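Examining the three-dimensional arrangement
These are the residues of each chain, in order.
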Amino acid sequence: MQNDKLRLEDLLESAVSNVQDDRINSVAIIGAGVMGQGIGQTIAASGMEVTIIEKTNERLEWAKAQLSENIDREIKRWAMTNSEKKAIFSRITWDIDITKIKDCDLVIEAVDEDFDLKVRIFKEMDKHAKKDAIFVSNTSTLSLTKISETTSRPDRVIGMHFLNPVPKVPLVEIVKCLHTSNETVQKVKDFANRIGKTPVEVYEYPGFVTTRAIVPLLNEAMYILLEGVATAKDIDTAMRLGYNFQYGPLEMADMMGLDEVLAWMETLWKTLGEPRYRACPILRKLVRERKLGRKTGEGFYKYDQHGNKIIE
């Protein structure tokens, strides 16, 4: 009887160990921009260790400062505590050496929405990551199938489209490309749940669900502004109060980054050819002037050094 009990305990311990071994336990993020910082914060806040990799020390220092400021704003609003901030930063390792991904179970690419850049990153990831590591792209419009085919593991390439601000938005789109295995999908969905996100599985298609649906709204709001129907403030107020949006469309575009929004529109216009995705001239003008929204201090609105909207 005692032996049977011991065998049962051994089996249970072995089962738990196998489950843990099969889970994603170590994560790296390539790119320390707004999205990379947000994804890193979310993973660290869930209790997991994460390495954030950038190309220069200057970029890393900038990212650390930005993330620290963002969390400090939440602390001032009583939404977080200093202890939580310390815990998050203690779980994030910052580096400029991409070879540090060699022992990671999951590597997330979070660089600009540029196909050639992403392909270069994925080829580098493929050189240095272990054979069974899963590769994730945070792309919102580009072809994951084409990206996956530049690696030696297309079955382990998948999309996780997080929305900004990542720590606050409870959704992530899980994007399966042509080659992604069902095992990869399940592992990544389990990972999404562990970091507090609700995964929504979508098929690879330009814009997926969220980007494809929001872009025409942003674009139409910009045309309304261009045509002088209402001010930016009144357009956003109308949409917030009229449709219970948390943010108005123009404020939302500023938060996303106007260069990113333009890149989405150009990709959707090019791939789908539908007029609703043709970027409004006012957006092109702002991007040419490097008025990219909150991250540069000016877009449809002006912002102070802490990213707070300046009321005029």
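Residue indices follow the written sequence of each chain, beginning from 1 at its first position. Residues qualify for local features only when their pLDDT is at least 70, as the model is predicted, and side-chain atom pairs are given and counted only at 80 or more; totals for whole chains, interfaces and linings, by contrast, use all residues. Water and hydrogen atoms play no part in the side-chain values, which are based on all heavy atoms of the structure.

1. Points about the sheet that holds strand β2 (residues 50-53)
- Reading across the sheet, the 8 strands line up as β3-β2-β1-β4-β5-β6-β7-β8 and stay open at both edges, with mixed pairing between neighbours. Edge positions in the open sheet fall to β3 (92-95) and β8 (198-203), since each of these has one partner strand only. Strand after strand, the sheet turns through a mean of 25 degrees between neighbouring axes, direction not considered.
- Judged from the 4 bridges that link them, strand β1 (residues 27-30) and strand β4 (residues 106-109) form a sheet pairing that is parallel. Bridge pairing links Val-27 to Leu-106 in β4.
- Whether two residues are in contact is decided by their heavy atoms, any of which lying within 4.5 Å being enough. Orientation is described by axes fitted as lines to C-alpha atoms, over the contacting stretch for helices, and by angles from 0 to 180 degrees between their N-to-C directions. Numbering of helices and strands runs from the N terminus, with a helix taken as a DSSP run of H or I at least four residues long and a strand as a DSSP run of E at least two residues long. Running over the sheet, helix α3 (residues 57-76) touches β2 and β3 and is turned about 150 degrees from β3. At least two bridges found by DSSP between two strands is the condition for calling them paired.

2. A closer look at the UniProt feature "site: Important for catalytic activity" (unreviewed entry) in the protein
- In this structure's numbering, the residues bearing the UniProt feature "site: Important for catalytic activity" (unreviewed entry) are His-161.
- Relative to the helices and strands, His-161 resides in strand β6 (residues 157-162).
- Burial classes: relative accessible area under 20% of the type maximum marks a residue as buried, over 50% as exposed, and values in between as partly exposed (1.4 Å probe, protein chains only). Residue classification places His-161 among the buried residues on the basis of a relative accessible area of 4%.
- Not counting residues up to four positions away in its chain, the partners in contact with His-161 are Asn-138, Thr-139, Ser-140, Val-172, Glu-173, Phe-208, Thr-210 and Thr-211.
- At 2.6 Å, the side chain of His-161 and the side chain of Glu-173 are in polar contact. UniProt positions are given in the numbering used here, feature names are shortened, and annotations may be inferred rather than shown by experiment. Distance and chemistry together define a polar contact, namely a pair of N or O atoms within 3.5 Å, with one atom able to donate a hydrogen and the other to accept it when in protein, and with adjacent residues in sequence counting only for side-chain atoms on both sides.

3. A word on the pairing of strand β7 (residues 171-176)
- Pairing analysis gives 5 bridges linking β6 to β7, with the strands arranged antiparallel. Following the sheet pairing, Ile-158 is matched in β7 by Lys-176.
- Place the viewer so that the strands point away; then a crossover is right-handed whenever the path from the first strand over the helix to the second strand goes clockwise. Taken together, β7, helix α7 (residues 182-194) and β8 constitute a β-α-β crossover, and its handedness is right-handed.

4. A word on the UniProt feature "domain: 3-hydroxyacyl-CoA dehydrogenase NAD binding" (unreviewed entry) in the protein
- Under the local residue numbering, the UniProt record ascribes the feature "domain: 3-hydroxyacyl-CoA dehydrogenase NAD binding" (unreviewed entry) to residues 26-203.
- Taken as a whole, residues 26-203 contains 41% helix and 21% strand, while its terminal C-alpha atoms sit 26 Å from one another.

5. Some remarks on the environment of Glu-251
- Structurally, Glu-251 is set in helix α10 (residues 249-256).
- Distance from Glu-251 to Ala-232, taken between C-alpha atoms, is 8.4 Å for residues 19 residues apart in sequence.
- Not counting residues within four places of it along the chain, the set of residues in contact with Glu-251 comprises Asp-236, Tyr-301 and Lys-309.

6. What about the packing of aromatic side chains?
- Pairing of aromatic rings covers Phe, Tyr and the six-membered ring of Trp, with a centre-to-centre limit of 6.5 Å; geometry is then stacked below 30 degrees between planes, edge-to-face above 60, and tilted otherwise. Applying the stated criterion to the full structure yields 3 aromatic pairs.
- Ring centres of Tyr-243 and Phe-245 lie 6.3 Å apart, and the angle between their planes is 45 degrees; this geometry places the pair in the tilted category.
- Judged by relative accessible area, which is 30%, Phe-245 ranks as partly exposed.
- Definition used: whenever NZ (Lys) or CZ (Arg) falls within 6 Å of the ring centre and also within 35 degrees of the ring normal, the charge is taken to sit over that ring. When the ring centre of Tyr-301 is taken as reference, the NZ or CZ atom of Lys-309 above it lies at 4.3 Å.

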